[in-house]
Amino acid sequence: MDNSILIQARLSSSRLPGKILFKLGNTKYSALSLICERLRSIQDEFDIAFITSVKECDNAISYAANSEKFKCYRGSHKDVLKRYFDCATFLKSKTIIRLTSDCPFIDPNEIKRVLKIHQDNQNDYTTNTFEGSTIVDGFDVEVFSFEALKRAFNEAVLPSHREHVTFYFKKENNFKIQYVDPELNFPYTRLTLDTPEDFEAISKLIETIDGIEKLSMIKIIELFYKFNLNMINSSIKKNHGWINSLNEDKKYE
């Protein structure tokens, strides 16, 4: 298929190791299995794969993805940009949708919205997550062409560019970029799984509501606030996990 959804996954998180395979509350779901369930409705429209590292601990991700009838490809642990490039090359992808496995509630409709804008405007890179965006953390979608990915793979040098994949996609690097704000009306909200507080909030949300597999992005966020679960993880700062790789960049200055 021309359009590939590649979901970045690893077990060696420094803040919450193994997080994407944790059982979420008193439910049958982990973050990985809930992503699979929420994307199942579009499995015939996209080439969907989890992409993880060749580290032995990530054998569990491969096993879990395959158990859910989803593909899994493996590559470099630290050079995640290379991992994306190698997988997209193997799949012969023309357009890549990048997701991360710590976003268990990702919405297929938001994926399609961002993808359509990307294709209609023939962009190199299109995203709903950027400074000032109203997107809730956990519904992030990034779309880029294979040619843009190839350029980034060949040109990017900084550690943050190699680790975070899309940091090199900047207008000053002559990419055609479009930021697409979903225009939501919520304060900064975390529905991503990155800390123990996030795990508690997400677990309680899944335990509290029925039919989480099919609910829309807006409905999930509304219920998160209805039950005051946002109070559990509201103190966590946005993008706090970027600090280490950005510090590594300073060695190149």
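This one's a predicted model, so the numbers in the text were calculated from it and none came from an experiment.

**Student:** Now, about the pairing of strand β3 (residues 71-75): what can you tell me, with residues and values included?
**Tutor:** Relative to β3, strand β2 (residues 47-53) is paired through five bridges, and the arrangement is parallel. Its bridge partner lying in β3, Ser53 is registered against Gly75. You can see the chain leave β2, run along helix α2 (residues 59-67) and come back into β3, and the turn it takes is right-handed.

**Student:** Account for the nonpolar core, with residues named and values stated.
**Tutor:** Soluble globular proteins tend to bury their nonpolar side chains together. Formed by 51 residues in total, the largest nonpolar core has its most connected members in Phe50, Phe105 and Leu191. At the level of secondary structure, the elements contributing two or more residues to this core comprise β1 (3-8), α1 (31-39), β2, α2, β4 (95-100), α4 (108-120), α7 (196-208) and α8 (217-226). For this core, the element with the highest residue contribution is α1, accounting for six residues. With residues up to four places along the chain from it excluded, the contact list for Leu191 reads Pro104, Phe105, Val136, Asp137, Gly138, Phe139, Ile202, Leu205, Ile220, Ile221 and Phe224.

**Student:** Now, about the packing of helix α3 (residues 80-91) against helix α5 (residues 146-155): what can you tell me, with residues and values included?
**Tutor:** Packing of α3 against α5 leaves a shortest axis separation of 10 Å and a crossing angle of 140 degrees. The angle between the axes of α3 and α5 places the two elements in the oblique class. Between α3 and α5 lies a crossing of left-handed hand. Here Leu81, Lys82, Tyr84, Phe85, Ala88 and Thr89 of α3 lie close against α5, whose contacting residues are Phe146, Leu149, Lys150, Ala152 and Phe153. Looking at the contact of α3 with α5 residue by residue, the classes come out as eight nonpolar, one polar and two charged.

**Student:** Break down the pattern of salt bridges for me, with residues and values.
**Tutor:** Evaluation of the coordinates by the stated rule reveals 16 salt bridges. For Arg15, the salt bridge identified is with Asp194, shortest N-O distance 2.8 Å. Of the two residues, Arg15 is situated in the loop between β1 and α1 and Asp194 in the loop between β7 (177-179) and α7; the sequence distance between them amounts to 179 residues. Arg15 gets classed as partly exposed once you look at its relative accessible area, which sits at 29%. Here Glu142 makes a salt bridge to Arg98, at a shortest N to O gap of 2.6 Å. Highlighted residues: Glu142 in strand β6 (residues 142-145) and Arg98 in strand β4, separated in sequence by 44 residues. Neither residue differs from the other here; Glu142 and Arg98 are each classed as buried.

**Student:** Any details on the packing of aromatic side chains? Residues and values, ideally.
**Tutor:** Following the criterion strictly, the structure yields 13 aromatic pairs and no others. Each ring, one from Tyr125 and one from Phe169, has its centre 5.1 Å from the other, and the planes form 35 degrees; the classification is tilted. Here Phe169 lies in the loop between α6 (159-164) and β7 and Tyr125 lies in strand β5 (residues 125-127), a separation of 44 residues in the sequence. When the ring of Phe130 is compared with that of Tyr179, the centres are 5.0 Å apart and the planes differ by 45 degrees; the resulting orientation is tilted. You can see Phe130 sitting in the loop between β5 and β6 and its partner Tyr179 sitting in strand β7, a full 49 residues away along the chain. Taken together through their ring pairs, the aromatic side chains of Tyr84, Tyr125, Phe144, Tyr168, Phe169 and Phe175 make up a single cluster. Here the basic side chain of Arg151 rests over the ring of Phe175, its NZ or CZ set 4.0 Å away from the ring centre.

**Student:** Outline the sheet that holds β4, listing residues and values.
**Tutor:** Consider a sheet: its strands pair through backbone hydrogen bonds, and that pairing is either parallel or antiparallel. Overall, mixed pairing links the seven strands, which are arranged β3-β2-β1-β4-β6-β5-β7 in an open sheet. Two strands lie at the open edges of the sheet, namely β3 and β7, each paired on one side alone. Direction aside, the axes of adjacent strands within the sheet are offset by 25 degrees on average. As paired strands, β5 and β6 are joined by three bridges and run antiparallel to one another. For Thr126, the partnering residue across the bridge sits in β6 and is Val143. Of the strands in this sheet, β1, β2 and β4 touch α1, which is tilted by about 165 degrees from β2. Sheet strands in contact with α4 are β1, β4, β5, β6 and β7, and its direction is about 145 degrees off that of β4.

Reading the values: rules and limits
Residues numbered from 1 in each chain as written. Predicted model: local features only at pLDDT ≥ 70, side-chain atom pairs only at ≥ 80, totals over all residues. Heavy atoms only, no water. Pairing = 2+ DSSP bridges. Helix = DSSP H or I, 4+ residues; strand = E, 2+ residues; numbered from the N terminus. Right-handed = clockwise from strand over helix to strand, strands pointing away. Core = buried A, V, L, I, M, F, W, Y, C linked by side-chain atoms within 4.5 Å. Buried < 20%, exposed > 50% of the residue type's maximum accessible area, 1.4 Å probe, protein only. Contact = heavy atoms within 4.5 Å. Axes fitted to C-alpha atoms, helices over the stretch in contact; angles between N-to-C directions. Parallel < 35°, antiparallel > 145°, perpendicular 65-115°, else oblique. Left-handed = near helix turned anticlockwise from the far one by under 90°. Nonpolar A, V, L, I, M, F, W, Y, C, P; charged D, E, K, R; others polar. Salt bridge = Lys/Arg side-chain N within 4 Å of Asp/Glu carboxyl O. Phe/Tyr/Trp six-rings, centres within 6.5 Å; stacked < 30°, edge-to-face > 60°. Lys NZ or Arg CZ within 6 Å of the ring centre and 35° of its normal.

Any functional reading would require information beyond the geometric quantities listed.
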